[in-house]
Amino acid sequence: MGLDIAKIREQFPVLNQEVHGKPLVYFDNAATTQKPRSVLDALTNYYSKDNSNIHRGAHALADRATRYYEETREAIMHFINARESAEIIFTKGTTEGINLVASTFGRKFIGKGDEIIISALEHHSNIVPWHMLCEEKGAVLKVIPINEAGELIYEEFEKLLTPNTKLVSIVHASNALGSINPVKKIIDSAHAVGAKVLLDGAQSSSHLHIDVQDLDCDFFAFSAHKLYGPTGLGCLYGKREVFESMPPYQGGGEMIKEVTYEKTTYNEIPFKFEAGTPNIADVIAFKSALEFINELGKDAIKAHEDELLAYANELLLPIKGFVPIGTAKEKVSVISFNINAMHPYDVGMMLDANGFAVRTGHHCTQPLMKRLGIEGTVRASFSVYNSKSEIEKLAESVTRIARIKNK
Ligand code: C6P
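Source: prediction; values computed, not measured.

A.B. asks: So what exactly am I meant to see when it comes to the pattern of salt bridges here?
C.D. replies: As a working rule, side chains carrying opposite charge can pair if their charged atoms are close by. Throughout the structure, instances matching the rule amount to 21 salt bridges. As a salt-bridge pair, Asp 28 and Arg 379 come within 3.4 Å of each other at their nearest N and O atoms. Residue Asp 28 is located in the loop between strand S3 (25–26) and helix H2 (37–50), and its partner Arg 379 is located in strand S17 (residues 377–381); the two are separated by 351 residues in the primary sequence. The same class applies to Asp 28 and to Arg 379, which are both buried. Linking Lys 239 and Asp 216 is a salt bridge whose minimum nitrogen-to-oxygen distance equals 2.9 Å. You can see Lys 239 sitting in the loop between strand S10 (234–238) and helix H10 (240–245) and its partner Asp 216 sitting in the loop between helix H9 (212–215) and strand S9 (219–223), a full 23 residues away along the chain. For Lys 239, a relative accessible area of 8% corresponds to the buried category. Its relative accessible area of 27% is what places Asp 216 among the partly exposed residues. By sharing partners, the salt bridges in this structure join Glu 70, Arg 73 and Glu 274 into a single network.

A.B. asks: Help me understand unusual backbone geometry, please; the structure alone is not making it clear to me.
C.D. replies: Most peptide bonds adopt trans geometry, and most residues besides glycine take a negative phi value. A cis amide bond links Ile 269 to the next residue, Pro 270, at an omega of 5°. Its place among the elements puts Pro 270 in the loop between strand S12 (264–266) and helix H11 (280–296). Of note in this structure, Asn 81 is not a glycine but carries a positive phi near 55°. Turning to its location among the elements, Asn 81 is positioned in the loop between helix H3 (60–80) and strand S4 (88–91).

Procedures and definitions
- Residues numbered from 1 in each chain as written.
- Predicted model: local features only at pLDDT ≥ 70, side-chain atom pairs only at ≥ 80, totals over all residues.
- Heavy atoms only, no water.
- Salt bridge = Lys/Arg side-chain N within 4 Å of Asp/Glu carboxyl O.
- Helix = DSSP H or I, 4+ residues; strand = E, 2+ residues; numbered from the N terminus.
- Buried < 20%, exposed > 50% of the residue type's maximum accessible area, 1.4 Å probe, protein only.

Okay, structure coming up:
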């Protein structure tokens, strides 16, 4: 049996509003998802009952807050099937996770003439940290090309691999086009030349079943806010032996074992990478977001989102003037498009006037837009609380907007 979408929507107070006099249709889920009541309640509960610093105080509140905080780490371990919770580090988001790897693993293990491979589908947060590292170290950044459908060309990836490849850092699912990359094959081939692999899971974590042991990736970075959780929070998974081989990220409280004026010895993982008072409330509330997902079931969520994507394709593709951007065979529930030669921003404004929240522009993937020869796209991205009737409304609006230019 399918999910009861009306019932699910009741859990998201923000969805129940009008925008410009029209019911809100929230199709900007790839940017951030809305939060269920349980997450909002968890935040309020924490601040009204448990607020305390963690891992430090010997009092009841500190003890409770620490327990709840570490329970989220355990929940994430199960969510991505890590071997142990010590392999989960809390960050600000995917961006910080990737920067952490660049600053620690990168600084220690990547040197002059070494190679890092990314793909043509990357978000800026999986390009810029490597530019910064390459500039500092004299390393080389290589880019796996894509075909016209927005699919990575696997054969070209194999040609880029050399004994100098130290890291392959690749997006699991593209935020701009939705393409899902063949990451398992990529990981196996990268390991065969001794390279480590980082997966940018910002988009895949919300749509696909993630099993880091099965994937065998060395790092997996993702953001809580794209998984119905709070903003400003993310996770970086890393294999224990890889994390242990890396120097710390930031220095400060909590990440130390002992400090003298002469010397610091560092704490065990994961604490070695979590300097300072962390984002306690949001970590605790994130557990409620994971429970929300687990209760519905990842498979049921994916089935619903796949159905929405198929329905959107069915209704939108025949519209005269509708230009799909990114037609990969394997996609998460993201549909990027342009209408005739209209500027995506203008289309976005017209959709906004009709109550639709979509993203327009380059989606923080400027090199990808350049590769596709466009300035940007309009992106509608679907989530578990979206309905087929919302897709029908989108198709009606797109038809009306396309007529402006087709007259
Ligand atoms: N993409 C989008 O609208 P942060 O901002 O750190 O939570 O996530 C960065 C990030 C990294 N990789 C991918 C594939 C992403 O999609 C994102 C965030 C949002 O597409 C905001 S730019």
